[in-house]
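# Reading the structure
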Amino acid sequence: MDNCLFCKIIAGEIPSAKVYEDDKLLAFKDINPQAPVHILIIPKEHFDSVNALDETSAPIVGDIMLLAKRLADEFHLEAGYRLITNIGENGGQTVKHLHFHLIGGVKLAEKMC
Ligand code: AMP
Ligand code: ZN
């Protein structure tokens, strides 16, 4: 999609620190990490957010969860981690391309908001 930062990263027009790629998904390090491990997992197909998913497209979230589990193992997050997707303005979403934050490597705050 034109003017989407993450679509440009997928297209290779903007560099990223990739940690995983296949035909459907891309994972790369967040440029402004909030924890020792902070990876973004995105579908290559553009969806604005969870709100843009339907019954046909929603299974991509299952693929993202399975990749998150694999990456958590690869990045030694046996002690736990958090998966977050922000939606819309009040949800704090700044990039309007569906993404999940995989955050860990430290004891995370109990309070989520
Ligand atoms: P959100 O606020 O949930 O929309 O998350 C967007 C995330 O994208 C933020 O954590 C940013 O630090 C991250 N981000 C923005 N630009 C880049 C970039 N060029 N490469 C990697 N991560 C980025
Ligand atoms: Zn996009």
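That block above? That's the structure.
Structural notes, computed from the coordinates. Just so it is clear, the structure is predicted and the values come from calculations on it, not from any experiment. (Residues numbered from 1 in each chain as written. Chains lettered and ligands numbered in written order. Predicted model: local features only at pLDDT ≥ 70, side-chain atom pairs only at ≥ 80, totals over all residues. Heavy atoms only, no water.)

## Regarding the coordination of the zinc ion (ligand 2)
Selection criterion: Listed donor atoms are N, O and S within 2.8 Å of the metal (Na, K and Ca: 3.2 Å). As water is not included, a site may look incomplete. Square planar and octahedral assignments, for four and six donors respectively, both demand that opposite donors be over 155 degrees apart and that all other angles lie between 65 and 115; tetrahedral needs four donors with all angles between 85 and 135 degrees, and anything else is irregular. What counts as a helix is a DSSP run of H or I of at least four residues, what counts as a strand is a run of E of at least two, and both are numbered from the N terminus.
For the zinc ion (ligand 2), the protein coordination sphere consists of Cys-4 (SG), Cys-7 (SG), His-46 (ND1) and His-97 (ND1), at 2.0 to 2.3 Å. Relative to the metal, the four donor atoms surrounding the zinc ion (ligand 2) lie at angles of 101 to 117 degrees, and the coordination shape comes out tetrahedral. For the zinc ion (ligand 2), all donor residues lie on one chain, and their spacing in sequence is C-x2-C-x38-H-x50-H. Linking Cys-7 in helix α1 (residues 5-10) with His-46 in the loop between β3 (37-43) and α2 (59-74), this pair joins segments that are 39 residues apart in sequence.

## Points about the sheet that holds strand β5 (residues 100-104)
Rule in force here: Only strands that DSSP links by at least two bridges are regarded as paired with each other. Between the N-to-C directions of two axes lies an angle of 0 to 180 degrees, each axis being a line fitted to C-alpha atoms and, for a helix, fitted only over the stretch in contact.
Taken together, five strands build an open sheet; the order of strands is β1-β2-β3-β5-β4 and the sheet is antiparallel. Where the open sheet ends on each side, the last strands, each with one partner, are β1 (18-21) and β4 (81-84). Taking the axes of each pair of neighbouring strands and ignoring which way they run, one obtains an average angle of 15 degrees across the sheet. Looking at chain direction, strand β2 (residues 25-29) and β3 are connected through five bridges and run antiparallel.

## Some details on the side chain of His-97
To keep things clear, this is the line we draw: A 1.4 Å probe rolled over the protein chains alone gives each residue an accessible area, and that area as a share of the maximum for its type sets the label: buried under 20%, exposed over 50%, partly exposed in between. Between two residues, a contact is recorded if the distance between any of their heavy atoms is within 4.5 Å.
Checked against the element boundaries, His-97 lands in the loop between β4 and β5. Classification of His-97 by relative accessible area gives buried; the value is 0%. Those residues in contact with His-97, other than ones at most four positions away along the chain, are Cys-4, Phe-6, Cys-7, Ile-10, Ile-42, Pro-43, Lys-44, Glu-45, His-46, Phe-47 and Asp-48.

## A word on the site of ligand 1
As a reminder, the rule being used: For this description, a residue counts as near a given molecule or strand if any of its non-hydrogen atoms is within 4 Å of it. Each polar contact in these results corresponds to two N or O atoms within 3.5 Å; when the atoms are within protein, one needs to be able to donate a hydrogen and the other to accept it, and residues that are neighboring in sequence are counted only if both atoms are side-chain atoms. Accessible surface area values rest on a Shrake-Rupley calculation with a 1.4 Å probe, where residue burial reflects the displayed protein chains alone. Definitions used for this entry: grid spacing 1 Å over protein atoms alone; cavity, a set of points where a 1.4 Å probe fits but cannot get out; pocket, an open set with protein on both sides within 12 Å along at least 5 of 7 lines; lining residue, one with an atom within 4 Å of a point. More than half of a molecule's atoms within 2 Å of the grid points is what it takes for that molecule to sit in a cavity or pocket.
If you check the shell around ligand 1, you find 16 residues, and the closest are Asp-30, Asn-86, Thr-94, His-99 and His-101. Within the backbone of Thr-94, a nitrogen or oxygen atom sits 2.7 Å from an oxygen atom of ligand 1. Taking Val-95, its main chain carries an N or O atom lying 3.0 Å from an oxygen atom of ligand 1. Compared with its free state, where it exposes 510 Å², ligand 1 has 84% of that area covered by protein. If you map ligand 1 onto the pockets, it falls in the largest pocket.

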